[in-house]
Amino acid sequence: MRKLLSANFSRLWKRKIFWLLEIGTLLFSIVAYLLVGINVKNIGIHWILKNANFYLFLVLLYVSILTAIFSSLFFGTDYSDGTLRNKLTVGHSRKDIYLSNWVLNAAITTTFIMTHYLVAVVIGIPIGGMTVISVINHLLLKFVFSLIIALADTSIITMTTMLDSNKARCAIVNILTALLLIIVGFFIFSALEQPELKYQMIQQADGSYLMDEHVPNPRYVGGNMRIVYTILESIMPTAFALRIASDSISNYPLIGCAIAVLLTIIGMVMFKKKDIK
């Protein structure tokens, strides 16, 4: 597999799509933190202390789209150009081909995430000072969790890429899958964040208002449906990314690792059975 990895990384430096996505990530992160600087100037330092966690882990919410675009365009030509068939002809196993592509996707996803973190250090810390770091709970742990999210995203995108021989269709499926995961993740996260009871202002007879704290929230998800939503959240990398961005920790890491391994195994099994012409 070493030769396959070497060939993949040699191709990587020559492909414009990697550099375009990397530069796009860099520019997006710079703009995001410049906007942070403007808000700090207009609102005050307390604003960045409150929102530091979200901006630091913002990249986790969209990195799957970047990986989907890269993987589709980078590996999408392997079928049409005969590259995949040639690899098999010279003696490489399907397992090694699949895993070498997975490793490259994982490396690229991690690179996008680290690029955003680098901008956060270079621009974010000068804006908010070292105090910003102190207000982010479980910082190192969240860095590790972000890599687990990268592995889960990689497993999903690699599987869809390796099993579809049509480049255009593969790109559409990958991007739509990434977008769907983001949308559903937002929906589930928002639903689970709804409080069971909400505040409501009640006007009294004398015209004054009284705040009632015990009003049932119609948007609260309870019962068996909450169990379903919780299970869905626990297996979706985008939902866990929102948990990290909102400064909360869940039991996702172990589940995320299990998902990455399971999807990789399923992908390899299906790839071994795929008819490659």
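Right, let's walk through the structure included here. (Residues numbered from 1 in each chain as written. Predicted model: local features only at pLDDT ≥ 70, side-chain atom pairs only at ≥ 80, totals over all residues. Heavy atoms only, no water.)

## Quick word on helix 9 (residues 139-163)
Then comes step 1: Compared with the 36 Å implied by 1.5 Å per residue over 25 residues, the 37 Å span of helix 9 between its first and last C-alpha is a close match.
Then comes step 2: Taken across its 25 residues, helix 9 has 18 buried, putting it largely inside the fold. (Helix = DSSP H or I, 4+ residues; strand = E, 2+ residues; numbered from the N terminus. Expected span 1.5 Å × (residues − 1). Buried < 20%, exposed > 50% of the residue type's maximum accessible area, 1.4 Å probe, protein only.)

## Observations regarding the packing of helix 10 (residues 167-193) against helix 11 (residues 223-235)
Then comes step 1: Packing of helix 10 against helix 11 brings their axes to within 10 Å, and their N-to-C directions diverge by 135 degrees. Here helix 10 is positioned oblique relative to helix 11, judged by the angle of their axes. With respect to the hand of their crossing, helix 10 and helix 11 are arranged in left-handed fashion. Residues Phe187, Ile188, Phe189, Ala191 and Leu192 of helix 10 touch helix 11, and the partners they reach there are Arg226, Tyr229, Thr230, Leu232 and Glu233.
Then comes step 2: Residues belonging to the contact of helix 10 with helix 11 are distributed by class as follows: 7 nonpolar, 1 polar and 2 charged. (Axes fitted to C-alpha atoms, helices over the stretch in contact; angles between N-to-C directions. Parallel < 35°, antiparallel > 145°, perpendicular 65-115°, else oblique. Left-handed = near helix turned anticlockwise from the far one by under 90°. Contact = heavy atoms within 4.5 Å. Nonpolar A, V, L, I, M, F, W, Y, C, P; charged D, E, K, R; others polar.)

## Looking at the environment of Arg11
Then comes step 1: Tracing the sequence through the fold places Arg11 in helix 1 (residues 2-12).
Then comes step 2: For Arg11, a relative accessible area of 22% translates into the label partly exposed.
Then comes step 3: For the pair Arg11 and Phe74, spaced 63 residues apart in the sequence, the C-alpha separation amounts to 8.9 Å.
Then comes step 4: Only 2.9 Å separates the side chain of Arg11 from the backbone oxygen of Phe74, close enough to count as a polar contact. (Polar contact = N/O pair within 3.5 Å; in protein donor to acceptor, adjacent residues only side chain to side chain.)

## Considering the side chain of Ser72
Then comes step 1: Mapping Ser72 onto the fold places it in helix 4 (residues 63-75).
Then comes step 2: Residue Ser72 is classed as buried on the basis of its relative accessible area of 1%.
Then comes step 3: In terms of polar contacts, Ser72 uses its side chain to reach the backbone carbonyl oxygen of Ala68, at 2.7 Å.
Then comes step 4: Here Ser72 is in contact with Thr161, Lys167, Cys170, Ala171 and Asn174, once residues within four sequence places are set aside.

## Considerations on the pattern of salt bridges
Any two side chains of opposite charge can pair if their charged atoms end up close together.
Then comes step 1: Evaluated as defined, the whole model comprises 3 salt bridges.
Then comes step 2: A salt bridge links Asp78 to Arg11; its shortest N-O distance comes to 3.6 Å. Taken together, the residues Asp78 in helix 5 (residues 77-80) and Arg11 in helix 1 connect sequence positions 67 residues apart.
Then comes step 3: A residue is classified by how much of its surface remains accessible, and Asp78, at 3% relative accessible area, is buried.
Then comes step 4: For the salt bridge of Asp78 with Lys87, the shortest nitrogen-to-oxygen distance reads 4.0 Å. (Salt bridge = Lys/Arg side-chain N within 4 Å of Asp/Glu carboxyl O.)

## As for the nonpolar core
Then comes step 1: Counting 40 residues, the largest nonpolar core has Leu60 and Phe70 as the members making the most contacts within it.
Then comes step 2: Elements that contribute at least two residues to this core include exactly helix 2 (16-43), helix 3 (45-56), helix 4, helix 7 (94-128), helix 9 and helix 12 (237-245).
Then comes step 3: Sort the elements by how many residues they give to this core and helix 7 lands first, with 7 residues.
Then comes step 4: Contacts of Phe70, omitting those with residues within four sequence positions, involve Leu12, Ile17, Phe18, Leu21, Phe75, Leu104, Asn105 and Ile108. (Core = buried A, V, L, I, M, F, W, Y, C linked by side-chain atoms within 4.5 Å.)

## Some words on helix 10
Then comes step 1: If you check helix 10, its first and last C-alpha atoms are 39 Å apart, about what 27 residues at 1.5 Å a residue would give, namely 39 Å.
Then comes step 2: Turning to helix 10, its buried residues number three or more, namely Cys170, Ala171, Asn174, Ala178, Leu181, Ile182, Gly185, Ile188, Phe189, Ala191 and Leu192.
Then comes step 3: On its buried face, helix 10 sits against helix 4, helix 9, helix 11 and helix 12.
Then comes step 4: In this structure Asn166 caps helix 10, since a side-chain oxygen of it lies 3.1 Å from the backbone nitrogen of Ala168.

## Concerning a nonpolar patch on the surface
Then comes step 1: A contiguous nonpolar surface patch, about 440 Å² in accessible area, is contributed by Trp13, Trp19, Ile23 and Leu27.
Then comes step 2: With respect to the helices and strands, Trp19 occurs in helix 2. (Patch = residues over 30% accessible without salt bridge, like charges linked within 9 Å, V, L, I, M, F, W, Y side chains within 5 Å. Areas by Shrake-Rupley, 256 points an atom, 1.4 Å probe, with all protein chains shown as cover.)

## Points about the packing of helix 2 against helix 3
Then comes step 1: Taken N-terminus to C-terminus, the directions of helix 2 and helix 3 make an angle of 160 degrees; their axes are 8 Å apart at the nearest point. Classified by the interaxial angle, the pair formed by helix 2 and helix 3 is roughly antiparallel. Crossing handedness for the pair helix 2 and helix 3: right-handed. In contact with Ala32, Tyr33, Val36, Asn39, Val40 and Ile43 of helix 2, helix 3 contributes Ile45, His46, Trp47, Ile48, Tyr55 and Leu56.
Then comes step 2: Split into classes, the residues belonging to the contact of helix 2 with helix 3 amount to 10 nonpolar, 2 polar and no charged.

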